[in-house]
Amino acid sequence: MKIFSSSANKNNIFNNITVFSFGLFPILPNNIKGLPVILLIVSALVDSVKNKSFKRDNKLKVSFFLIMASVYFFYLLSGIYSENVVIFGKKLETGLSLLLVPLAFLFNKNIISNKSINYFKVTFIISTIFFIVFFWSYNILYYTSSIFTLRTIDLRKIIDVIPLISLHPIYASMIFAIALFLLLGFWKKIKNYLFFSTLIILILNIVILASKMVIISLILISLFFLIKNRKKYYHKAAILIAISFMSIAFIMFTPNLRQRFNEMLLPKTYKKVIVWNSTSIRNAIYRCSFELLENKWLIGYGIGDVQDNLNDCYEKTSNVLLDDNYNSHNQYLSILLGTGVLGLLSFVIMLWYNYKLAFNNYDMLFLSILFLFSLNFLTENLLERQSGVILFTFLINLFGWKNFAKTEMSGKISNKKLIT
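What counts and what doesn't
Residues numbered from 1 in each chain as written. Predicted model: local features only at pLDDT ≥ 70, side-chain atom pairs only at ≥ 80, totals over all residues. Heavy atoms only, no water. Disulfide = S-S within 2.5 Å. Helix = DSSP H or I, 4+ residues; strand = E, 2+ residues; numbered from the N terminus. Buried < 20%, exposed > 50% of the residue type's maximum accessible area, 1.4 Å probe, protein only. Core = buried A, V, L, I, M, F, W, Y, C linked by side-chain atoms within 4.5 Å. Contact = heavy atoms within 4.5 Å. Axes fitted to C-alpha atoms, helices over the stretch in contact; angles between N-to-C directions. Left-handed = near helix turned anticlockwise from the far one by under 90°. Nonpolar A, V, L, I, M, F, W, Y, C, P; charged D, E, K, R; others polar. Patch = residues over 30% accessible without salt bridge, like charges linked within 9 Å, V, L, I, M, F, W, Y side chains within 5 Å. Areas by Shrake-Rupley, 256 points an atom, 1.4 Å probe, with all protein chains shown as cover. Salt bridge = Lys/Arg side-chain N within 4 Å of Asp/Glu carboxyl O. Phe/Tyr/Trp six-rings, centres within 6.5 Å; stacked < 30°, edge-to-face > 60°. Lys NZ or Arg CZ within 6 Å of the ring centre and 35° of its normal.

## Digging into the state of the cysteines
- One pass over the full model with this rule turns up one disulfide.
- Across a sulfur-sulfur distance of 2.1 Å, C288 and C313 are joined as a disulfide pair. Handedness here is read from the sign of the S-S torsion; for C288 and C313, about -85 degrees, the answer is left-handed. Of this pair, C288 sits in helix α14 (residues 278-293) while C313 sits in helix α15 (residues 306-317); the two residues are 25 residues apart in sequence, bridging distant segments of the chain. Take C288 and C313: they sit in the same class, and that class is buried.

## Focus on the environment of S374
- Topologically, S374 is positioned in helix α18 (residues 364-376).
- Relative accessible area serves as the criterion here: at 11%, S374 is assigned to the buried category.
- C-alpha of S374 to C-alpha of Y332: the two residues are 42 residues apart in sequence and 9.4 Å apart in space.

## Notes on the nonpolar core
- Among the nonpolar cores identified, the biggest contains 122 residues, and F347 and F373 are the most heavily contacted of them.
- The greatest single-element share of this core, amounting to 14 residues, is contributed by helix α9 (residues 169-184).
- Those residues within four positions of F347 in sequence are excluded, and the remaining contacts are V71, Y332, I335, F377, L383 and F392.

## Re the environment of F377
- Secondary-structure assignment places F377 in the loop between α18 and α19 (386-409).
- Overall, F377 belongs to the buried group, its relative accessible area being 0%.
- For F377 and H329, which are 48 residues apart along the polypeptide, the C-alpha to C-alpha distance reads 8.1 Å.

## Here's the deal with the packing of α18 against α19
- Interhelical geometry of α18 versus α19 gives an angle of 145 degrees and a closest axis separation of 10 Å. Helix-helix and strand crossings are classified by hand; for α18 and α19 the assignment is left-handed. Here α18 contributes L365, F366, I369, L370 and F373 to the contact with α19, which in turn contributes L391, F392, L395, I396, F399, G400 and N403.
- For the contact of α18 with α19, a count of residues per class yields 10 nonpolar, two polar and no charged.

## Things to note about a nonpolar patch on the surface
- Together, W297, L298, I299, V341, L342, L345, I349 and W352 make up an exposed nonpolar region whose accessible area comes to about 760 Å².
- Checked against the element boundaries, W297 lands in the loop between α14 and α15.

## Brief notes about the packing of aromatic side chains
- Applying the stated criterion across every chain yields a total of 25 aromatic pairs.
- Measuring from centroid to centroid gives 5.2 Å for F195 and F196, while their planes differ by 85 degrees, and the two rings are edge-to-face.
- Taking the relative accessible area as the measure of exposure, F195 reaches 3% and is therefore buried.
- Above the ring of F186, the side-chain terminus of K121 is found at 6.0 Å from the ring centroid.

In structure tokens, the structure reads:
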């Protein structure tokens, strides 16, 4: 009995280390961003061998794993007709988390315990605050003596060049938004000055970086919860909406922030490519993407050849697009261009099934995270950088498998209803 207890404790310790490593994700150096995935795989193997968890896995769990990892299988299939083998290999390597993370969760059910999840939440929030402190300290020490002289365009460049832990401004904004959702999950337990101070810090940093879709996502998510369940989520939604509208006011009265949103309303934005106008650049990218889809919408070009084909279109459109080697700036379009309609369908089914799990179990945190990623997939290829794909796959599997286990235990799922 003591031996069994000792073995269980060691497994718990290893699981805690794994969850802790994902919680540290905002401040992990970029060259070891993949470390949490490695630890997750090792913990799954240890748990599988010691507890023989694989033998107890039923067909339902394997089917759920196949849904969660389905898009990666289409990545692999696209290798049959991808001519650029080097890029194909790099894309597979970057997206490997799409396969390994759900596989690890299939073998290790202990990682989805409430204790482990709370451990992750607290660590992630604290790590995000540490990142923000480091970001502003770096700004002040190396770029200016006064934070009041900084412009949004400068901050977005600086956050992308911070030593060791640099993040693209959109990915940083996504991390801040996720930390915000996790913090609001403690609404009933903690309502003190530290809670509200952290809330305001996260919101302000999202606004200052002015990633348009992240801000729009927060407003839409807030409105959704306010409309869906006014009584239960009134306070959380009211806080988000109040801060969102204050943020909008802040944007409108701050010239360099206002410019990033005003560019969406300028007629010339949609007529030609303007180097300083991100909306204009995206518009041209989307035109090229849809032009390519007219020829190969069924099977796509193969994930190794998408960029080459986009560059051919950019060469005819504008040197601004070609010089910066822009991707499709839309995850759905990227998957469609790379794997065709079936690849995109597998990805949409995976998202839809997780939405279904979140709704059935009233998991508003999971629902918020799904909304955030789904909306930002419209403007960014989040799964084509380590910072995006690892964060997405861990979160969607952590909460997806947790809700799957809940649904399975309560008898809401039958083997026949998994796909339907």
